[in-house]
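Breakdown of the fold
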Protein chains: 4
Amino acid sequence: MLNFRNDYSSAAHPVVMDALIHAGFQQTPGYGADPFCQEAADNIRALCNCPGGAVHFLVGGTQVNKTAIAAFLRPYEAVIAASTAHICCHETGAVEQDGHKIIACPAPDGKLTPDMVRSVVSSHDSEHTVLPRLLYVSNTTELGTVYSLPELQALRRVADELKLYLYCDGARLGSAIAAGDAALPDYAALCDAFTIGGTKNGLLFGEALVIANPALQPGFRHCMKQQGAILAKGQLLGIQFNAILEDGRYFQLAAEANRLARRLTEGLRERNVPFLADSPSNQVFPILPDKVVKALAKEVAFEVQQRVDESHTCIRFVTAWDTGSDAVEQLLALLGRLLG
Amino acid sequence: MLNFRNDYSSAAHPVVMDALIHAGFQQTPGYGADPFCQEAADNIRALCNCPGGAVHFLVGGTQVNKTAIAAFLRPYEAVIAASTAHICCHETGAVEQDGHKIIACPAPDGKLTPDMVRSVVSSHDSEHTVLPRLLYVSNTTELGTVYSLPELQALRRVADELKLYLYCDGARLGSAIAAGDAALPDYAALCDAFTIGGTKNGLLFGEALVIANPALQPGFRHCMKQQGAILAKGQLLGIQFNAILEDGRYFQLAAEANRLARRLTEGLRERNVPFLADSPSNQVFPILPDKVVKALAKEVAFEVQQRVDESHTCIRFVTAWDTGSDAVEQLLALLGRLLG
Amino acid sequence: MLNFRNDYSSAAHPVVMDALIHAGFQQTPGYGADPFCQEAADNIRALCNCPGGAVHFLVGGTQVNKTAIAAFLRPYEAVIAASTAHICCHETGAVEQDGHKIIACPAPDGKLTPDMVRSVVSSHDSEHTVLPRLLYVSNTTELGTVYSLPELQALRRVADELKLYLYCDGARLGSAIAAGDAALPDYAALCDAFTIGGTKNGLLFGEALVIANPALQPGFRHCMKQQGAILAKGQLLGIQFNAILEDGRYFQLAAEANRLARRLTEGLRERNVPFLADSPSNQVFPILPDKVVKALAKEVAFEVQQRVDESHTCIRFVTAWDTGSDAVEQLLALLGRLLG
Amino acid sequence: MLNFRNDYSSAAHPVVMDALIHAGFQQTPGYGADPFCQEAADNIRALCNCPGGAVHFLVGGTQVNKTAIAAFLRPYEAVIAASTAHICCHETGAVEQDGHKIIACPAPDGKLTPDMVRSVVSSHDSEHTVLPRLLYVSNTTELGTVYSLPELQALRRVADELKLYLYCDGARLGSAIAAGDAALPDYAALCDAFTIGGTKNGLLFGEALVIANPALQPGFRHCMKQQGAILAKGQLLGIQFNAILEDGRYFQLAAEANRLARRLTEGLRERNVPFLADSPSNQVFPILPDKVVKALAKEVAFEVQQRVDESHTCIRFVTAWDTGSDAVEQLLALLGRLLG
């Protein structure tokens, strides 16, 4: 069975596993107060050119989104997000569970725009409505699209103008950076906070949260603990991030995943397959005849995104650093046969 | 200044004020444990033909929606509502504050349909999504439209099929019943719970909640207290409801408000004014040229609903039991002049 | 049946009822945006000598405590309160429902002391514990005792030292002021926020919240709405507070209630009845033989506070502005007979 | 530096690390839907003699306590716990953050008794109080003490009588079982739910939750996801639990930790050192002169529990499966010198 289902089916990259085995656990008070986490935080601050940033390590993506948003907002403050956003659709109401409404904006390509933001803010203008306060973007988006640097800058400007925070869910930030024109220091300069996802790019688990805005830093460790989001053996996170960030490996892995996805996209385009959105990253959303989808499912693992019309379905292929060119070519060959 | 802004600007109907003054307060333990509330609850059970219903009296509409939904749902369960629903737009995220997501369905006339419900449920199918569990309808809706009895019956059927609760926000239930074909016993038979609004139809304040579904009844008084929603001098609520429900007065007041709105609608139609939605109830949503709206605002109090196009705006006129025919005729005369 | 059960069994004081009947309702946008509430807020600011205070009117006591604490604290911040505090015992976990822990301090007389506060703060010193942030005091306390001005000043000092807020639940503030040496301007000067209770001292309902600390003022109306705590016909609150605050009537009513309680206390002391706590206010907590309590219950309404030993029970008598000397004398006579 | 600070400073037991390295990751949908978790759940059901139990794997202790309690209780339901309970003191209000009050019972040895439970329930008897619904016990307790089988049976009886759930936090369940007379099937028979802690007994991380009561099973995966408590690469948990549970290794490690603690206790007793509580498990709480504590801190890592009197402090020594006899003997020798 070929696996294009997701990018978190593999164990960690060998250097990460190696580091975990050989790092030499230290006797520490635990909970992230250890030299490995300290070093990883310093690494990230340096890579982000953000010496004043607070860096925290959490285990998972829903956990970090939920904890950050709960920490940053007052009770009546709300999130603006694309309607396809992970926090809208696939986190079981985790943000709402902590009391915050998410105002969902229909966005065909999964991206928020300044116009959407302005429209939401202008219609939330009294104490009878929530107060929009935080822009949630994910990069790459849930449709594989990537915010460009000018797009992020435009969101920052509207955020400044309307007194909003800009938060970037970087579960696939490596892929976004490898595919786009914004680098880590841009994220630190433009976002109040953002995450650097490890789970989907070489780690066993782990998301680094960078809180660039000093006003949002106090009390965050308390919030983490309250959410059950401090790992007892915190050094596991520091060790892994140190290993993956060394020598640019994090971005090399992401670039490889993107490369495989690009090859897949090209092959599909050659066969005149249309796409739900134009993705330069490691998630690809082809629209295929239902009978092809059905036949494909016998030999390939993938996820169904949505029905498109009576006879077509959009599915998702995801590549990862360890997918390999062979698997991509096999998939394309199979699709060639099925598409006849 | 003519007032068509809302239906809660007046004090109570004279019989209600009279009852409050002369009822003869009783020395009771308070908090709704008094003979007036007991009598009002019995009245409502009788009017609803629902001997097994639990009846609670709360002060306000947001309070009762919030308390009921928090009481009925488990943490990961969500509400389905029209995107214009009061709980979506005008309750400052009260439902989310208690942890529950509202899934908003675009609905041009403010009404949920079985198809919308099915579509939502079918796309929320794993533990990574919230579980839709409660249908929130308001009758009349926020656009003045009214669910018919067959429409409510169809929602009940889809609710049964998909294991959902049906909850009706009856802040303007009097107007809906006076304008439609569903009566109190229909609500008790079709809804798991619904409210009978007093604030907008003759009371100083007060919403009666009828919990028809026995499974949702236990613990509700605890939830009320926890939400700060038990009035210390609870008899104030019982006294008022007894007065307004006597001799069908509640429905007479609502019918009068509807009659005035209908006259207003007819007058506007004669002047070829279009409407946002077709309202048989006491809220009317004409679409007027901006310059008319601007001129009108100098002599009439009303609310702006939304911009419709570059030169037109939809506004809202609300009538109440005490608006009076004179005010309606004055408004129509003024509109006649302004519309030229 | 003599009623010493509570101080919220009566309707409003006649001048308040009169004001409600004759005030002349105004057509306003509602929700507290009306001239009556504006006037009442100005009155309160003047009486408190607190021109920069924000004043809000809410319906009930649990509602105002819950809304204020939820508005003031970040998620991991906690409340310190006496273990007898109303928010600890009799509000069904309303504060916890909004996410905040209450750290309860055993306090024989119902009062927090600086030593208790210091002890709590010193034992909550890492991100693994909540962060104590708000001191909740009630004046009068739930045991009828009254904080003196020096006691409140001492709490303010410790609050300043440890960066805590001081919040005073004034459900019975009239009684506390009438019995003590701290006046309204003292509360405004010492507390970050406090309430002036109307429900138990002459109103049908209504608690005024004074937020003296400007840092706690922003967004409060949003929090109120989110909690279902904005009354649609808000002018009902402004009208009542204006009536009761005129000419010092609020304090006259409280003084009368205290006077009756004092008479009751003296009469009980003459009969050598011991008390749970030494109350100068309108709640009295005598400890009586069980058989007396049982016999008393046939002719007097009161509440049982707690068992004291195998044969004695502490009960609560509450007086109000309308209890009347006759009732007190009848109660004393009855007790005289029962105590033999 | 000798380490007696905690039992989560080490990496995993070698067999667990080995399993992680060699297990052979499988391409699965992730999130715990994998054969390793399935096998581990089956193993646990078999070991517990609880074929109908639901078994879930979570990463950390606070996370599992918080998620379980939020899932099991309705909004106004509360937890009864010893005042030393981990959820009371060291989880930053995680349970309250989800809306539930914890009623703390002073308990010198860290254990709840039926009498405490009865007393709490009898004083929470109206809608003005929370409703006690879940007994939280930890075994071993936070003071190192261990509930015996008869004690657990007595709690079950009072739980049945008063309609309460019994939940056991087994972060150190291995140690409790190795030191006591209750075995896994007893926990499954007596508790509605309990955890089997891995973090402190051989795993990198991981707590298994067994929900024995079928009524509490539905919807739990939704609650996990909502709390950010489903690990993307869930097989990491299954792999580890399978390794540690094989051939009774889990209990062997715990027995070794207990043995070392017992040796330490004996050595301290020989030197006439008193203890805060009588611990048969892997946490020991000696009371030492302040000057000894101060000197000790230069060579040994440990935690301070509390001040006992003006010149004595209770500290905590924790042993683990890998502490080793040498370290214990060195510590005893050092203490011998310091105690003179």
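Residues numbered from 1 in each chain as written. Chains lettered and ligands numbered in written order. Predicted model: local features only at pLDDT ≥ 70, side-chain atom pairs only at ≥ 80, totals over all residues. Heavy atoms only, no water.

Concerning the overall build of chain A
- The helix and strand inventory of chain A stands at 14 helices and 13 strands.
- Against the globule reference of 20 Å for 340 residues, chain A gives a C-alpha radius of gyration of 20 Å, in line with a compact fold.
- Along the three orthogonal principal directions, the C-alpha set of chain A runs to about 60 × 55 × 35 Å.
- A buried classification covers 65% of the 340 residues belonging to chain A.
- Across chain A, the fraction of contacts at a sequence separation of at least 24, relative to all contacts at a separation of at least 6, is 71%.
- Per element, the accessible surface of chain A, about 11,500 Å² overall, is 51% carbon and sulfur.
- The averaged location of the 36 negative side-chain charges in chain A is 3 Å from the averaged location of its 28 positive side-chain charges. (Helix = DSSP H or I, 4+ residues; strand = E, 2+ residues; numbered from the N terminus. Rg over C-alpha atoms; globule rule 2.2 N^0.38 Å. Buried < 20%, exposed > 50% of the residue type's maximum accessible area, 1.4 Å probe, protein only. Contact = heavy atoms within 4.5 Å. Areas by Shrake-Rupley, 256 points an atom, 1.4 Å probe, with all protein chains shown as cover. Lys, Arg positive; Asp, Glu negative; His and termini not counted. Charge placed at Lys NZ, Arg CZ, Asp CG, Glu CD.)

Some points on the packing of aromatic side chains
- For the structure shown, the criterion picks out 34 aromatic pairs over all chains.
- Ring plane angle 65° and centroid distance 5.3 Å describe the contact between Tyr31(B) and Tyr8(C), whose orientation is recorded as edge-to-face. Of this pair, Tyr31(B) sits in the loop between α1 (14-22) and α2 (35-48) while Tyr8(C) sits in the loop between β1 (2-3) and α1 (14-22), each in a different chain.
- Residue classification places Tyr31(B) among the buried positions, given a relative accessible area of 12%.
- On the basis of relative accessible area, Tyr8(C) is assigned to the buried category, the value being 6%. (Phe/Tyr/Trp six-rings, centres within 6.5 Å; stacked < 30°, edge-to-face > 60°.)

Focus: the interface of chain C and chain B
- Taken together, the 41 residues of chain C in the interface contact 41 residues of chain B.
- Across the chain C to chain B interface the summed buried area is about 3,500 Å²; carbon plus sulfur atoms make up 56%.
- Counting every contact that joins chain C to chain B gives zero salt bridges.
- Applying the counting criterion to the chain C and chain B interface returns 16 residue pairs in polar contact (both at pLDDT 80 or more).
- Counting only elements with at least two residues in the side of chain C that touches chain B, the list comes to α1, α3 (61-72), α5 (94-97), α10 (220-226) and α11 (235-245) of chain C.
- Classifying every residue of the side of chain C that touches chain B by side-chain character gives 16 nonpolar, 19 polar and six charged. (Buried area = accessible area lost by both parts, 1.4 Å probe. Salt bridge = Lys/Arg side-chain N within 4 Å of Asp/Glu carboxyl O. Polar contact = N/O pair within 3.5 Å; in protein donor to acceptor, adjacent residues only side chain to side chain. Nonpolar A, V, L, I, M, F, W, Y, C, P; charged D, E, K, R; others polar.)

Concerning the confidence of the model for chain A
- Summing up the model confidence of chain A, the mean pLDDT is 96 and the portion of residues at 70 or higher is 100%.
- The ipTM value of the predicted complex is 0.97, and its pTM value is 0.97. (pLDDT = per-residue confidence, 0-100.)

Some thoughts on the interface of chain D and chain A
- On the side of chain A, 41 residues touch chain D, which itself brings 41 residues to the contact.
- When the buried surface of chain D facing chain A is broken down by residue, Tyr8(D), Gln226(D) and Lys233(D) rank first, second and third, together holding 18% of it.
- Summed over the shared surface of chain D and chain A, the result is zero salt bridges.
- Across the chain D-chain A interface, the total number found is 16 residue pairs in polar contact (both at pLDDT 80 or more).
- Secondary structure elements with two or more residues in the side of chain D that touches chain A: α1 (14-22), α3 (61-72), α5 (94-97), α10 (220-226) and α11 (235-245) of chain D.
- Looking at side-chain class alone, the side of chain D that touches chain A contains 16 nonpolar, 19 polar and six charged residues.

Points about the domain arrangement of chain A
Residue and element names in this part refer to chain A.
- Taken as a whole, chain A is organised into domain 1 (2-6 + 251-339) and domain 2 (14-248).
- Once you take the C-alpha centre of each, domain 1 and domain 2 turn out to be 27 Å apart.
- When the two sides are added together, the surface that domain 1 and domain 2 hide from each other amounts to roughly 1,500 Å², 58% of it contributed by carbon and sulfur.
- If you look at where domain 1 meets domain 2, you find ten residue pairs in polar contact (both at pLDDT 80 or more). (Domains from an automatic or database assignment.)

Observations regarding α3(C)
Residues and elements named next belong to chain C.
- The first and last C-alpha atoms of α3 sit 17 Å apart over twelve residues, in line with the 16 Å expected at 1.5 Å per residue.
- Counted residue by residue, α3 has eleven buried out of twelve residues, so it is predominantly covered.
- Taken residue by residue, α3 has Thr62, Gln63, Val64, Asn65, Lys66, Thr67, Ala68, Ile69, Ala70, Ala71 and Phe72 as its buried positions. (Expected span 1.5 Å × (residues − 1).)

With respect to the relation of the copies chain D and chain A
- For the pair chain D and chain A, the best superposition has an RMSD of 0.0 Å and corresponds to a rotation of 180° with a translation of 0.0 Å parallel to the axis. On this basis, the relationship between the two copies can be described by a two-fold rotation axis.
- Counting the interface residues of chain D, we find that 100% of their copies in chain A are interface residues as well, pointing to one common contact surface. (Least-squares fit on C-alpha atoms with pLDDT ≥ 70 in both.)

Brief notes about the relation of the copies chain C and chain B
- At an RMSD of 0.1 Å, chain C and chain B line up after a rotation of 180° and a shift of 0.0 Å along the axis.
- The share of interface residues of chain C whose copies in chain B are also at the interface is 100%, consistent with both copies meeting through the same surface.

As for the packing of helix α11 (residues 235-245) of chain B against helix α12 (residues 249-270) of chain B
All names here are of chain B.
- Relative to each other, α11 and α12 sit at 70°, their axes nearing to 6 Å. Regarding the angle of α11 to α12, the classification is roughly perpendicular. Two secondary-structure elements touch here, α11 through Ala243, Ile244 and Leu245 and α12 through Arg249, Tyr250 and Leu253.
- The class makeup of the residues in the contact of α11 with α12 is five nonpolar, no polar and one charged. (Axes fitted to C-alpha atoms, helices over the stretch in contact; angles between N-to-C directions. Parallel < 35°, antiparallel > 145°, perpendicular 65-115°, else oblique.)

Digging into the pattern of salt bridges
- Considering all chains together, one arrives at 60 salt bridges over all chains under this definition.
- Residue Asp98(B) is joined to Lys66(B) by a salt bridge in which the shortest nitrogen-to-oxygen separation is 3.3 Å. Taken together, the residues span a long stretch of sequence, with Asp98(B) in the loop between α5 (94-97) and β4 (102-105) and Lys66(B) in helix α3 (residues 61-72) at a distance of 32 residues. Each member of the pair Asp98(B) and Lys66(B) is classed as buried.
- Across the salt bridge formed by Arg259(C) and Glu256(C), the nearest N and O atoms sit 3.1 Å from each other. Of the two residues, Arg259(C) and Glu256(C) both sit in helix α12 (residues 249-270), three residues apart, roughly one turn of that helix.
- What you see here is one network of salt bridges that share partners, running through Arg156(A), Asp160(A) and Asp192(A).

What to know about the sheet that holds strand β8 (residues 207-211) of chain B
Residue and element names in this part refer to chain B.
- If you trace the seven strands from one edge of the open sheet to the other, you get β2-β8-β7-β6-β5-β3-β4, paired in mixed fashion. Bordering the open sheet on either side are β2 (54-58) and β4, each of which pairs with just one other strand. Strand-to-strand, the axes of this sheet are offset by a mean angle of 25°, without reference to chain direction.
- Across five bridges, the pairing between β2 and β8 is antiparallel. Bridging from a neighbouring strand, Ala54 pairs with Ile211 of β8. (Pairing = 2+ DSSP bridges.)

Details of the side chain of His56(A)
- Its location among the elements puts His56(A) in strand β2 (residues 54-58).
- With residues up to four places along the chain from it excluded, the contact list for His56(A) reads Glu207(A), Ala208(A), Leu209(A), Ile211(A), Phe220(A), Arg221(A) and Met224(A).

A few points about the environment of Asp98(C)
- By relative accessible area, which is 15% here, Asp98(C) ends up buried.
- Measuring from C-alpha to C-alpha, the distance between Asp98(C) and Ala70(C) comes to 6.2 Å, with 28 residues separating the pair along the chain.
- When residues no more than four places from it in sequence are discounted, the contact partners of Asp98(C) are Gln97(B), Lys66(C), Ala70(C) and Gln227(C).

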